[in-house]
Amino acid sequence: MDFSKLKGEKTRYITGLVLVVLVGVVLAFNDVRFVWAVLGVAYLLGFHEALKLYEKTHALSFSFWHYGLALVVWGLAYISPRPVESALFVGMFFAGVLAFRAKNIAQVLPLIYPTLPFVILLALFKDFGVRGVVWLVVIVVVADVGAYFGGRLVGKIPLSPTSPKKTLEGSLIGLALSSLLGGLVGMWSVGFVWALGVSVIVALSAILGDLYESYLKRRAEVKDSGACLPGHGGILDRLDAMLFGGVSLHFLLFFGDVFFV
């Protein structure tokens, strides 16, 4: 095992620690307005990064109207008891207007990703509270950390042509660790077996989310989606796995008729 690979990334570790502390503070307040405000800042930054990526991958041109739509979506998500439908509602009308004006329908992409996953993260907090979010964070963070360090230490086989630096061994280590710990975190309400199954799917979703963002960046020929997080890149570089994992967890909790009380 090559431990030398783990040295020299102090900035990345510090930023990661700061983000963990920030998430802890937000969840400690346990206030939907605070969560909505902080997550909204992340959403708008991620939305901006996505626009830049789509401009390169789909040769699109975006205007201030797109940012206006993002603000409308986020405002509706706060006041609506069904945040997900807020994004779908705005996206539906925008897609219809684009079709009416015979414009490139691909301009609706930012209202699909990253908008829908961000709105679902807010819905996860609204519907399942702090414990639902903690469960998601544990699964995704452990999957990411396990894959990162596992890949650095023992990884040899590339996971995917989309992201050749990620390894199969690292991903499997991250998947195993996150599934086990996720099962332990979720078992207080749903039992270990069900929580383990949910955690496996959420961890797989997190891996796919990371690959999706890597695919966009490779198509756009950029290293990072942004530069607001030292050592990590942009918001989407850091939250891509969380966004995909959040969609899966929110769906599975409702699908299994499991509610936190």
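Because the structure is predicted, anything quoted here is derived from the model rather than measured.

## Focus: the overall build of the protein chain
Working step 1: When its secondary structure is counted, the protein chain shows eight helices and two strands.
Working step 2: If you list the helices and strands of the protein chain from N to C, you get α-α-α-α-α-β-β-α-α-α.
Working step 3: Computed over C-alpha atoms, the radius of gyration of the protein chain comes to 18 Å, within 12% of the 18 Å expected from 2.2 N^0.38 for 261 residues, which places it in the range of a compact globule.
Working step 4: Across its three principal directions, the C-alpha atoms of the protein chain cover 60 × 45 × 30 Å.
Working step 5: Within the protein chain, the fraction of its 261 residues that count as buried is 46%.
Working step 6: Intrachain contacts of the protein chain at a sequence separation of at least 6 include 70% that bridge at least 24 residues.
Working step 7: Of the accessible surface of the protein chain, which amounts to about 13,200 Å², a share of 72% is contributed by carbon and sulfur atoms.

## Re the nonpolar core
Working step 1: Ranked by size, the top nonpolar core spans 62 residues in total, and within it Leu-111, Phe-118, Trp-135, Leu-136 and Leu-249 carry the most contacts.
Working step 2: Considering every element that reaches this core, the biggest residue donor is helix H5 (residues 115-154), with 15 residues.
Working step 3: Residue contacts for Leu-249: discarding those within four places in its chain leaves Leu-124, Gly-132, Trp-135, Leu-136, Val-198 and Val-202.

## Examining the environment of Ile-112
Working step 1: One can find Ile-112 in the loop between helix H4 (83-100) and H5.
Working step 2: For Ile-112, a relative accessible area of 44% corresponds to the partly exposed category.
Working step 3: Separated by 25 residues in the primary sequence, Ile-112 and Ala-87 place their C-alpha atoms 8.2 Å from one another.

## Brief notes about the confidence of the model for the protein chain
Working step 1: Looking at the protein chain as a whole, the pLDDT averages 89, with 94% of positions reaching at least 70.
Working step 2: Confidence over residues 1-8 falls short of pLDDT 50; this stretch has ten contacts with residues more than four positions distant or in other chains.

## Re the packing of aromatic side chains
To describe a pair of aromatic rings, one takes the distance between the centres and the angle between the planes.
Working step 1: Counting across every chain of the model gives 13 aromatic pairs.
Working step 2: Where Trp-36 meets Tyr-78, the ring centres are 4.9 Å apart and the plane angle is 45°; that geometry is what we call tilted. With a gap of 42 residues between them, Trp-36 in helix H2 (residues 32-57) and Tyr-78 in helix H3 (residues 64-79) connect regions that are remote in the sequence.
Working step 3: Using a relative accessible area of 30% as the deciding quantity, one classes Tyr-78 as partly exposed.
Working step 4: Plain terms: the ring middles of Phe-47 and Tyr-67 are 6.0 Å apart, the flat faces sit at 70° to each other, and that makes the pair edge-to-face. Of the two residues, Phe-47 sits in helix H2 while Tyr-67 sits in helix H3, which places them 20 residues apart along the sequence.
Working step 5: A relative accessible area of 1% means that Phe-47 is categorised as buried.
Working step 6: The structure contains a cluster of three or more aromatic residues connected by ring pairs, namely Tyr-43, Phe-47, Tyr-67, Trp-74 and Phe-118.

What counts, and at which threshold
- Starting from 1, residues in each chain are numbered consecutively following that chain's sequence as written.
- Totals for whole chains, interfaces and linings use every residue, but because this is a predicted model, local features are given only for residues with pLDDT of at least 70 and side-chain atom pairs only at 80 or more, for both listing and counting.
- To obtain the side-chain values, all non-hydrogen atoms of the structure were included, while hydrogens and water were left out.
- Comment: elements are numbered from the N terminus, with helices defined as DSSP H or I runs of at least four residues and strands as E runs of at least two.
- The atom set for the radius of gyration is the C-alpha atoms, and the globule formula is 2.2 Å times the number of residues raised to the power 0.38.
- The cut-offs for exposure are 20% and 50% of the maximum accessible area for each residue type, with area from a 1.4 Å probe on protein chains only; residues under the lower value are buried, those over the upper are exposed, and the others partly exposed.
- We call two residues in contact when some of their heavy atoms are within 4.5 Å.
- Areas reported here follow the Shrake-Rupley algorithm with a probe of radius 1.4 Å; residue values treat only the protein chains shown as occluding.
- Side-chain atoms within 4.5 Å link the members of a nonpolar core, which is a set of buried Ala, Val, Leu, Ile, Met, Phe, Trp, Tyr and Cys residues.
- Values of pLDDT, the confidence the predictor places in each residue, fall between 0 and 100.
- Aromatic pairing here means that ring centres of Phe, Tyr or Trp (its six-membered ring) are within 6.5 Å. Orientation follows from the plane angle: under 30 degrees is stacked, over 60 is edge-to-face, and everything else is tilted.

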